[in-house]
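# Architecture at a glance
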Amino acid sequence: MTGRRRTAVLISGRGSNMQALVAAARAPDYPAEIALVVSNRPDAAGLGYAREQGIEAVAIDHKAFADRATFENALDTVLHKHDIDLIACAGFMRILSAAFVEKWLGRLLNIHPSLLPAYRGLDTHERALADGASEHGCTVHFMVAELDAGPIVAQARVPVLPGDDAATLAARVLIAEHEIYPQALASIASGEIAL
Ligand code: GRF
């Protein structure tokens with residue numbers, strides 16, 4: 001292998017998917033290294049976890065910027081400063097502009113808690129339950145300018161069980177997220193899958 005791909009994980013909150021990626025990247029033969037964690041929210045719990053693991057963790061508070069473009073410029077600068085090659089969004093709750101996505105096209109991933117193309121956007125678990133869906137799941141995809149619409153890299157299905165509410169269903173989906181995201185990142189970092 002020609003060096004592990006330097007990967008940044010973008011978060012906004014607890015960062016359990018980021019933790020799953022960090023755990024997977026501890027394996028010496030994992031083709032990506034989690035070199036940076038960035039949160040747009042300074043209070044994101046995941047920042048503390050990353051620092052405890054000795055990973056560079058940076059808050060870039062979007063509220064401190066006049067508009068999306070200046071926030072994204074700051075983000076882009078930090079990514080380049082850390083020599084980042086791949087970006088994995090994991091519970092990152094900011095929309096990235098078409099200009100930013102274009103710069104990172106093919107190197108920018110996201111995990112979404114539904115079986116895309118079903119349930120793009122927010123409140124996926126509530127919407128699946130309201131529809132009486134019998135199965136639900138999660139998707140890792142390349143990001144494109146259109147929200148939650150990029151080419152699919154990996155998916156996992158989970159059943160919707162009698163008595164489920166959004167919280168129990170989300171918890172079941174999250175277990176699957178933690179399995180497929182490390183696998184998907186590995187297949188992109190190794191070059192096995194490309195846009
Ligand atoms: C995950 O369900 C992710 O798919 C969604 O937001 C949640 C983030 O969880 N976009 P975590 O911060 O990775 O724990």
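Anything mentioned here points back to the structure above.
Below, the structure is looked at part by part. (Residues numbered from 1 in each chain as written. Predicted model: local features only at pLDDT ≥ 70, side-chain atom pairs only at ≥ 80, totals over all residues. Heavy atoms only, no water.)

## Some points on the environment of E126
Which entries qualify depends on this criterion: In this text, helices come from DSSP runs of H or I with a minimum length of four residues, and strands from runs of E with a minimum of two, each type numbered from the N-terminal end.
By the element assignment, E126 lies in helix α5 (residues 124-130). A C-alpha to C-alpha distance of 32 Å links E126 and A99, two positions 27 residues apart in sequence.

## Looking at the pattern of salt bridges
The following threshold applies: By definition here, a salt bridge exists when the distance from a side-chain nitrogen of Lys or Arg to a carboxyl oxygen of Asp or Glu is within 4 Å. With a 1.4 Å probe rolled over the protein chains alone, any residue whose accessible area is under 20% of its type maximum counts as buried; one over 50% counts as exposed, and the rest are partly exposed.
The full count for this structure, using the stated rule, is eight salt bridges. For D85, the salt bridge identified is with R5, shortest N-O distance 2.4 Å. Residue D85 is located in the loop between α3 (68-81) and β4 (86-89), and its partner R5 is located in strand β1 (residues 5-11); the two are separated by 80 residues in the primary sequence. Its relative accessible area of 25% is what places R5 among the partly exposed residues. The salt bridge partner of R172 is D164, with a shortest N-O separation of 2.6 Å. Judged by its relative accessible area of 21%, R172 falls in the partly exposed class. What you see here is one network of salt bridges that share partners, running through R5, D85 and R107.

## Observations regarding the packing of aromatic side chains
Inclusion rule: For Phe, Tyr and Trp, rings pair up if their centres lie within 6.5 Å, where Trp contributes its six-membered ring, and each pair is then called stacked (planes under 30 degrees apart), edge-to-face (over 60) or tilted (otherwise).
Per the stated rule, a full pass over the model turns up two aromatic pairs. For the pair F65 and F71, a centre-to-centre distance of 6.0 Å together with 65° between the ring planes defines the contact as edge-to-face. Judged by relative accessible area, F71 falls into the buried class, the value being 4%.

## Here we look at the side chain of N40
Rule in force here: For the purposes of these results, a polar contact is taken to be a pair of N or O atoms within 3.5 Å, where, inside protein, one atom must be able to donate a hydrogen and its partner to accept one; residues adjacent in sequence count only when each atom of the pair is a side-chain atom.
As for its placement among the helices and strands, N40 is situated in the loop between β2 (32-39) and α2 (45-52). Looking at N40, the relative accessible area reads 2%, which means it is buried. Only 2.6 Å separates the side chain of N40 from the side chain of S12, close enough to count as a polar contact. Of the polar contacts made by the side chain of N40, one reaches the side chain of H62; its length is 3.0 Å.

## A short note on the nonpolar core
Here is the rule we go by: For this analysis, a nonpolar core means a set of buried residues of the types Ala, Val, Leu, Ile, Met, Phe, Trp, Tyr and Cys, connected via side-chain atoms within 4.5 Å. Throughout, a contact is declared for two residues whenever any of their heavy atoms are within 4.5 Å.
Grouped together as the largest cluster of nonpolar side chains are 39 residues, with contacts concentrated most on I34, V37 and V140. It is helix α6 (residues 166-189) that provides the largest number of residues to this core, a total of ten residues. With near-sequence residues (within four places) excluded, V37 lies in contact with V9, I11, M18, L47, A50, I55, E56, A57 and V58.

## Focus: the site of the ligand
Applicable threshold: Near residues are defined by distance, with any heavy atom within 4 Å of the molecule or strand qualifying the residue. Using a 1.4 Å probe, accessible areas were evaluated by the Shrake-Rupley method; residue-level cover was limited to the displayed protein chains. Any residue outside Ala, Val, Leu, Ile, Met, Phe, Trp, Tyr, Cys, Pro, Asp, Glu, Lys and Arg is labelled polar, Gly included; the first ten of those are nonpolar and the last four are charged.
With respect to spatial proximity, the complete set of residues near the ligand consists of R14, G15, S16, N17, G91, I111, P113, L174 and E177. A distance of 2.5 Å is found between an oxygen atom of the ligand and a side-chain nitrogen or oxygen belonging to R14. In the environment of the ligand, an oxygen atom lies 2.9 Å from a nitrogen or oxygen atom belonging to the backbone of G15. Protein contact buries 83% of the 360 Å² of open area that the ligand shows by itself. Breaking the shell around the ligand down by element, the ones donating at least two residues are α1 (16-24) and α6. Split into classes, the residues belonging to the shell around the ligand amount to three nonpolar, four polar and two charged.

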